Amino acid sequence: MRDHHSHHREHGDGRDGFEKRPGRERGGRGPRVFAPGDLKLLLLALIAEQPCHGYDLIRQIEAMFDGAYSPSPGVIYPTLTFLEESEMIEGDAEAGKKRYSVTDAGRHSLSDQAIALEGVRMRIDVSKRSLRGHDRPAEIHEAVHNLRHALQLHHGRWSPEEIIRVAALLNNTAKAIVDGPAVQAVQEKAE
């Protein structure tokens with residue numbers, strides 16, 4: 001089944017922090033890590049906490065994800081340039097490297113977006129857990145791919161009965177995976 005959709009690629013130009021990593025699901029692409037605008041807000045917040053260089057920001061974000069994700073310089077530096085041109089941060093070149101600090105406009109923007117920033121931090125926690133799940137064996141990745149492919153084949157043809165049938169299959173499978181073999185063996189004995 002895999003060869004049928006191996007040409008599928010996730011859309012997005014990568015400038016908003018959608019790092020694409022090889023060897024992952026969806027035709028070798030990893031999951032989206034940041035929603036549009038999230039990286040800008042996160043960088044602004046990190047710089048407001050402590051002025052730093054772009055490389056430091058990459059390392060801080062990598063630490064937030066426990067090393068499971070590291071944004072590329074090609075994602076970070078254009079975003080820093082955008083924030084600088086928007087006068088949210090300012091860069092001071094020392095020894096050829098820019099050290100960024102937040103401006104009053106940047107602080108005001110952070111204050112206005114406090115709830116959105118909390119949402120970014122929550123999404124980071126969710127993404128971190130999701131990325132950790134990508135330690136799955138190749139056979140499990142293949143099975144997940146096959147499931148997604150099977151669901152795509154149904155596109156637009158969902159009768160009420162089919163929705164109930166497929167939802168029950170998926171929910172029962174998810175429960176069996178979570179319960180594990182020990183619970184399954186007890187259930188089989190009870191039957």
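Residues numbered from 1 in each chain as written. Predicted model: local features only at pLDDT ≥ 70, side-chain atom pairs only at ≥ 80, totals over all residues. Heavy atoms only, no water.

### Considering the packing of aromatic side chains
Next up, step 1: Scanning all chains against the criterion turns up 3 aromatic pairs.
Next up, step 2: With a centroid separation of 6.0 Å and 90° between ring planes, the pair formed by F34 and F65 is classed as edge-to-face. Linking F34 in the loop between α1 (25-28) and α2 (38-49) with F65 in the loop between α3 (54-64) and α4 (73-85), this pair joins segments that are 31 residues apart in sequence.
Next up, step 3: Consider the rings of F65 and Y69, whose centres lie 5.1 Å apart with planes at 65°: the pair is edge-to-face.
Next up, step 4: By relative accessible area, F65 is classed as buried at 0%.
Next up, step 5: Judged by its relative accessible area of 1%, Y69 falls in the buried class.
Next up, step 6: Lying across the ring of F82, K40 places its NZ or CZ 4.9 Å from the centre. (Phe/Tyr/Trp six-rings, centres within 6.5 Å; stacked < 30°, edge-to-face > 60°. Helix = DSSP H or I, 4+ residues; strand = E, 2+ residues; numbered from the N terminus. Buried < 20%, exposed > 50% of the residue type's maximum accessible area, 1.4 Å probe, protein only. Lys NZ or Arg CZ within 6 Å of the ring centre and 35° of its normal.)

### Quick word on the side chain of H53
Next up, step 1: Mapped onto the fold, H53 is located in the loop between α2 and α3.
Next up, step 2: A relative accessible area of 13% places H53 in the buried class.
Next up, step 3: One polar contact links the side chain of H53 to the main-chain carbonyl oxygen of K98, over a distance of 2.9 Å.
Next up, step 4: When near neighbours in sequence (up to four residues on either side) are disregarded, H53 contacts E94, K97, K98 and R99. (Polar contact = N/O pair within 3.5 Å; in protein donor to acceptor, adjacent residues only side chain to side chain. Contact = heavy atoms within 4.5 Å.)

### Observations regarding α2
Next up, step 1: Helix length check: α2 (12 residues) gives 17 Å between terminal C-alpha atoms against 16 Å at 1.5 Å per residue, within 8%.
Next up, step 2: Counting buried positions along α2 gives 9 out of 12 residues, so the element sits mostly inside the fold.
Next up, step 3: Along α2, the residues classified as buried are D38, L39, L41, L42, L43, L44, A45, L46 and I47. (Expected span 1.5 Å × (residues − 1).)

### A closer look at the nonpolar core
Next up, step 1: One finds F34, L42, L43, I47, I61, F65 and L80 to be the most contacted residues of the largest nonpolar core, which totals 30 residues.
Next up, step 2: When contributions to this core are tallied by element, the ones reaching two or more residues are α2, α3, α4, β2 (97-102) and α6 (114-132).
Next up, step 3: Looking at this core, the element that brings in the most residues is α2, giving 8 residues.
Next up, step 4: The contact partners of I61, leaving out residues within four places of it in the chain, are F34, L39, L42, L43, L46, Y69, P71 and I76. (Core = buried A, V, L, I, M, F, W, Y, C linked by side-chain atoms within 4.5 Å.)

### Some points on the pairing of β2
Next up, step 1: Two strands pair when backbone bridges link them, and strand β1 (residues 89-94) and β2 are joined in this way by 6 bridges, in the antiparallel orientation. By the bridge assignment for β2, E90 is matched with S101.
Next up, step 2: The loop that links β1 with its antiparallel partner β2 comprises 2 residues; one of these, A95, has a positive phi angle of about 55°. (Pairing = 2+ DSSP bridges.)

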